[in-house]
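The residues making up each chain are set out below.
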Amino acid sequence: TQHPVSVLGLGLMGSALASALLKAGHPTTVWNRTAAKTGPLVAQGATPADTPAAGVTASPLVIACLTTNDSVRELFEPLAAELSGRTLVNLTNGTPSQARELAAWAREHGIAYVDGGIMAVPQMIAGPGAYILYSGDEEAYARHRDTLAALADTKWVGADAGLAALWDLSLLTGMYGMGLGVAQAYALVGSAGVPAKDFAPLLLDWVVAMTQGIVPGTAEAIDSGQHLTDVSNLEMNLAVLPNFTETLAEHGVSDQLFTPLRALLERAVAEGYGADGLSRMVDLLKAPEPLR
Ligand code: NDP
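Residues numbered from 1 in each chain as written. Predicted model: local features only at pLDDT ≥ 70, side-chain atom pairs only at ≥ 80, totals over all residues.

In the annotation of an unreviewed UniProt entry, the entry for the protein reads 6-phosphogluconate dehydrogenase, and the organism field reads Streptomyces alboflavus. The UniProt entry for the protein carries this comment under Sequence similarities (unreviewed entry): "Belongs to the HIBADH-related family." (UniProt positions renumbered as here; feature names shortened; annotations may be inferred.)

Now for the sheet that holds strand E7 (residues 131-136). Here we have eight strands laid out as an open sheet, ordered E3-E2-E1-E4-E5-E6-E7-E8, and mixed in their pairing. Here the strands that pair on one side only, and so sit at the sheet edges, are strand E3 (47-48) and strand E8 (153-158). Sheet topology note: the strand E1 (residues 5-8)/strand E2 (residues 28-31) ladder contains four bridges and is parallel. Within E2, the position partnered with Leu8 by the bridge is Trp31. Set on the sheet, helix H8 (residues 163-190) makes contact with strand E6 (112-119), E7 and E8; between it and E6 the angle comes to about 10°. (Pairing = 2+ DSSP bridges. Helix = DSSP H or I, 4+ residues; strand = E, 2+ residues; numbered from the N terminus. Contact = placed C-beta atoms within 7 Å. Axes fitted to C-alpha atoms, helices over the stretch in contact; angles between N-to-C directions.)

The next thing to look at is helix H4 (residues 69-76). For H4, the full list of buried residues reads Asn69, Val72 and Phe76. Burial along H4 is one-sided: seen end-on, the buried residues are contained in an arc of 45°. In H4, those exposed residues whose orientation departs by more than 90 degrees from the buried face are Asp70 and Glu74. Looking at the buried positions of H4, the neighbouring elements they touch are strand E4 (61-64), helix H5 (80-83), strand E5 (87-90) and helix H6 (96-108). (Buried ≥ 20, exposed ≤ 12 C-beta atoms within 10 Å, placed from the backbone. Arc of directions from axis to C-beta.)

It is worth spelling out the UniProt feature "domain: 6-phosphogluconate dehydrogenase NADP-binding" (unreviewed entry) in the protein at this point. UniProt's feature table lists "domain: 6-phosphogluconate dehydrogenase NADP-binding" (unreviewed entry) at residues 5-153, given in the numbering used throughout. Counting secondary structure, residues 5-153 comes out at 40% helix and 22% strand; the distance between its end C-alpha atoms is 18 Å.

In the UniProt entry, the feature "domain: NADPH-dependent reductive aminase-like C-terminal" (unreviewed entry) is given for residues 160-286. End C-alpha atoms of residues 160-286 are separated by 21 Å, and the span's content is 73% helix alongside 0% strand.

Here the focus is the site of the ligand. Taken together, the neighbourhood of the ligand is formed by 21 residues, with Gly11, Met13, Arg33, Thr34 and Asn93 sitting nearest. Among the secondary structure elements, those contributing two or more residues to the shell around the ligand are helix H1 (12-23) and H4. Residues that form the shell around the ligand fall into these classes: nine nonpolar, nine polar and three charged. (Near = placed C-beta within 6 Å. Nonpolar A, V, L, I, M, F, W, Y, C, P; charged D, E, K, R; others polar.)

This brings us to the environment of Lys23. Relative to the helices and strands, Lys23 is located in helix H1. Residue class for Lys23 comes out partly exposed when judged on the 14 C-beta atoms lying within 10 Å of it. When the C-alpha atoms of Lys23 and Ala126 are compared, they prove to be 9.3 Å apart, with 103 residues separating the residues in sequence.

Alternating positions in E4 separate into two faces, Leu61 and Ile63 on one and Val62 and Ala64 on the other, with burial throughout. Where E1 meets E4, four bridges bridge the pair, whose relative direction is parallel. The residue of E4 that forms the bridge with Leu8 is Ala64. Two strands pair when backbone bridges link them, and E4 and E5 are joined in this way by four bridges, in the parallel orientation. When the sheet's bridge partners are listed, Val62 is paired in E5 with Leu88.

Here the focus is the environment of Val282. Among the structural elements, Val282 can be located in helix H12 (residues 281-286). The class for Val282 is partly exposed, based on 14 C-beta atoms found within 10 Å. Sequence-distant contacts of Val282, that is, excluding residues within four places in its chain, are made with Thr218 and Ile222.

Split into domains, the protein comes out as domain 1 (5-166) and domain 2 (191-286). Each of domain 1 and domain 2 was reduced to a C-alpha centroid, and the two centroids are 39 Å apart. (Domains from an automatic or database assignment.)

Turning next to the packing of helix H10 (residues 234-250) against helix H11 (residues 258-270). Between H10 and H11, the least distance of the axes is 9 Å, while the angle of their chain directions is 150°. Looking at the two axes, H10 sits roughly antiparallel to H11. Considering only the axes of H10 and H11, their crossing is left-handed. Residues Leu234, Glu235, Asn237, Leu238, Leu241, Phe244 and Thr245 of H10 pack against Phe258, Arg262, Leu265, Glu266, Ala268 and Val269 of H11. (Parallel < 35°, antiparallel > 145°, perpendicular 65-115°, else oblique. Left-handed = near helix turned anticlockwise from the far one by under 90°.)

When pLDDT is averaged along the protein, the result is 96, and 99% of the positions lie at 70 or above. Interface confidence for the predicted complex, expressed as ipTM, amounts to 0.99; the pTM equals 0.93. (pLDDT = per-residue confidence, 0-100.)

What follows is the structure in structure tokens.
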């Protein structure tokens, strides 16, 4: 069955979301601060709203996708009365605290609030591999879940509205770590004139193989509290670190990324965790003060 939906915020992501809803046959009302961005969606069958208030009142389900939660507050706070009795699904990237604050504001005004974290780029929306994390008002989520499923797979993470942002930021953290490691690898090998495309297949296979071991292996170590390793221990990793930093220096490549790695390895060994594997870093990162 088709359900009316409003989408406010038609940037790269908001436009992809509205387009997916239209393709799934949902009557979709759209609004954007810069009105011209409604054009392509209207051509796909969307109804343009002249004002944000008209956008909100057109549907029981209102999806927001703006740049930041500051812009969300700026746009929706004056529209609390119009939003009352409706569901606001906020797919804007933000912090757990911001999501909780928005949830508290929504509760005061009789608005059902669901926060979401989009784990996809616009081109992946409504396609394989894309999913959206949701948290907050579970009853409203359950009511609209079939409609939201037109955007991407849905993953409910809990009634604390901040959880979707927490999971989202944690996943992105993994991406940044991997992405910076990849950038460092290309910078080093490229400093010797190796074309990136020649190195890419090896780097891909290596990163995939290591990730397949590290991600589940670290989870197992955390849950069992057993960090001793027969794979690669922290004391050895500290001992060979100069091989990296000296080579980087000799090749005129920055060792900026290795500065925090060195500090963490030194701390791990100083605190007596030299025989442990990389999974021990989780404890160190969770406790900025010495563990013992
Ligand atoms: P864009 O910069 O393309 O779009 C931003 C949108 O926010 C525009 O519609 C803009 O309106 C609107 N906006 C900003 N400030 C205000 C305001 N004060 N009042 C009203 N509207 C406002 O960004 P994206 O669409 O790429 O991203 C949107 C959100 O989705 C972000 O939080 C982003 O982190 C998240 N996201 C994006 C992903 C991506 O790959 N693009 C992936 C996952 C999440 P106007 O057109 O008038 O400027």
